[in-house]
Amino acid sequence: MSQKEPIWLKILRIALGLLFLFSSISKAVDPVNFGITMNDYFVSFGLPFLKPVALIAAVCAITCEFVLGCMMLFGVKTLLASWGYLLFMVFFFFLTLWLAVAEYMEVKGIHYFGVVHDCGCFGQVIKMSNRTTFLKNVFIIIPTLIVFAKRKKLKDIRLTELGKWCCILLFIIIAVLFQFHCIRHLPAIDFSDWKKGDNVENTFIERPAQKESLFIYRNNADQTEVTLSEEELMNKGDDFYEQYEYVDRQDKVVSKAKRAEIDGFNMLDEKGADHAYEYINADTKAYLLFIHDLMETSEQGVMKAVALAARCAEQNIPFVAVTNSDEDEIAAFTEEHGIGFPVYRNPIDPVHGPFMVRDAIRSNPGLILIDKGVVTGKWAWRDLPQKAE
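Source: prediction; values computed, not measured.

Engineer: It is not clear to me how empty space enclosed by the protein should be interpreted in this structure. Could you clarify?
Structural biologist: Leftover empty space is mapped by rolling, across the atoms, a probe with the size of a water molecule. Following the criterion strictly, the structure yields 1 cavity of 30 Å³ or more and no others. The computed volume of the largest cavity comes to approximately 40 Å³. Lining the largest cavity are Ser26, Lys27, Val29, Asp30, Asn33, Phe34, Gly123, Gln124 and Phe191. Of all the elements in the fold, those that place two or more residues in the lining of the largest cavity are helix H1 (7–28) and helix H2 (31–44).

Take a look at the structure:
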């Protein structure tokens, strides 16, 4: 292999390396999210039985992209890396071409394919339509083809063959361990609407208009009228009612009704009453345990949550759970685990969502502390606090 690498080729090599690193890291910070995207792809292509391997497939794809990016950026076995880039980009070029065409046909009402509308190429950092993703791949495949055509002029790092393979092994270990940590705990970067510091009351809770009743009374002697609030009226003595007679009542809007910024989050009991505002408001501190699927939740995590709920009860701190599972599953689950705290439902369309509970926290179960409508604490079940804060 030639040792002299043209400057323009070096720039292309570094640019492609950085691009793959950015793309892989943006997904690696939350591999569970990309696992969900992979499962969506499986369902879209009629392969729902592959759901159990969706997360593994996501980790492998992210790792491959990260390793290729490192190899290209640092010049480690660039000949092999150029082949990897070519295969990677050709595959996704034709995949995204199909997705863009299928999405167009859906929009025009020609045929419904159930395509995934967000490719997940950059995780939750940058969301792109299928059309935009395809155009992005058209842009990227051009330098990829150029680098592949000139692959024999790419400069390799000055290491022995063993040293180069050791570098590749190191890249793999870094990618896998980082993702493993994010899966076992929480994403390195939280892109959800429930991250620490977020005011979830404003985001998810719909508030009705606040009204104040005003009462009009007329003086029996001089016929003058006074307007009193309900509180002021309650403080009046009997002599007031002897001197004044009731005329009318007016309802004054103190604050207008406010719609939730994001619809779909509720906490329903067995009678269908919504308790979301009861626990997510400006006056309350409460622990919310998110269990998006009772059948797939961690038994160890549930036991740790039950123990924490008991300590919260001793301090009169509300502790409740919310799940997407149905009433029968909730009844069986609470009986089996001896759960004494309320478990509310957030009913969803199992295909189209919205998946409020699943997307709130990347752990099943996961715990969020709400204080005066603001998220102040967030834990995966492995990291649950030993005592209430």
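Engineer: Sorry if this is basic, but what is going on with the environment of Asn364 here?
Structural biologist: Turning to its location among the elements, Asn364 is positioned in the loop between helix H13 (356–360) and strand E7 (366–371). Through-space distance from the C-alpha of Asn364 to that of Ile291 is 5.3 Å; in sequence the pair is 73 residues apart. Setting aside its immediate chain neighbours within four residues, Asn364 contacts Phe290, Ile291, His292, Asp293, Glu296, Thr297, Ser298 and Trp381. Within the structure, the side chain of Asn364 is placed 3.2 Å from the backbone oxygen of Asp293, a separation counted as a polar contact.

Engineer: Explanation requested: the packing of helix H4 (residues 78–107) against helix H5 (residues 130–149) in the structure shown.
Structural biologist: The angle between the axes and the distance between the axes are what describe a pair of packed helices. Where H4 meets H5, the closest approach of the two axes is 9 Å, and the angle between their N-to-C directions is 155°. Considering the angle they form, H4 stands roughly antiparallel to H5. The chirality of how H4 crosses H5 is left-handed. Residues belonging to the contact of H4 with H5 are distributed by class as follows: 16 nonpolar, 6 polar and 2 charged.

Engineer: Just to check I follow, could you spell out the packing of H1 against H5 for this structure?
Structural biologist: With their axes 10 Å apart at the nearest point, H1 and H5 run at an angle of 130° to one another. Viewed along their axes, H1 and H5 adopt a mutual orientation that is oblique. The two elements H1 and H5 meet at a crossing, and its hand is left-handed. Of the residues in H5, those in contact with Trp8, Leu9, Leu12, Arg13, Leu16 and Leu19 of H1 are Ile140, Pro143, Thr144, Ile146 and Val147.

Rules behind the numbers
- Residues numbered from 1 in each chain as written.
- Predicted model: local features only at pLDDT ≥ 70, side-chain atom pairs only at ≥ 80, totals over all residues.
- Heavy atoms only, no water.
- 1 Å grid on protein atoms, 1.4 Å probe; cavity = no way out; pocket = protein on both sides within 12 Å on 5 of 7 lines; lining within 4 Å.
- Points joined across faces, edges and corners; volume = space filled by probe spheres on them.
- Helix = DSSP H or I, 4+ residues; strand = E, 2+ residues; numbered from the N terminus.
- Contact = heavy atoms within 4.5 Å.
- Polar contact = N/O pair within 3.5 Å; in protein donor to acceptor, adjacent residues only side chain to side chain.
- Axes fitted to C-alpha atoms, helices over the stretch in contact; angles between N-to-C directions.
- Parallel < 35°, antiparallel > 145°, perpendicular 65-115°, else oblique.
- Left-handed = near helix turned anticlockwise from the far one by under 90°.
- Nonpolar A, V, L, I, M, F, W, Y, C, P; charged D, E, K, R; others polar.

Purely spatial values, then, with no claim about function.
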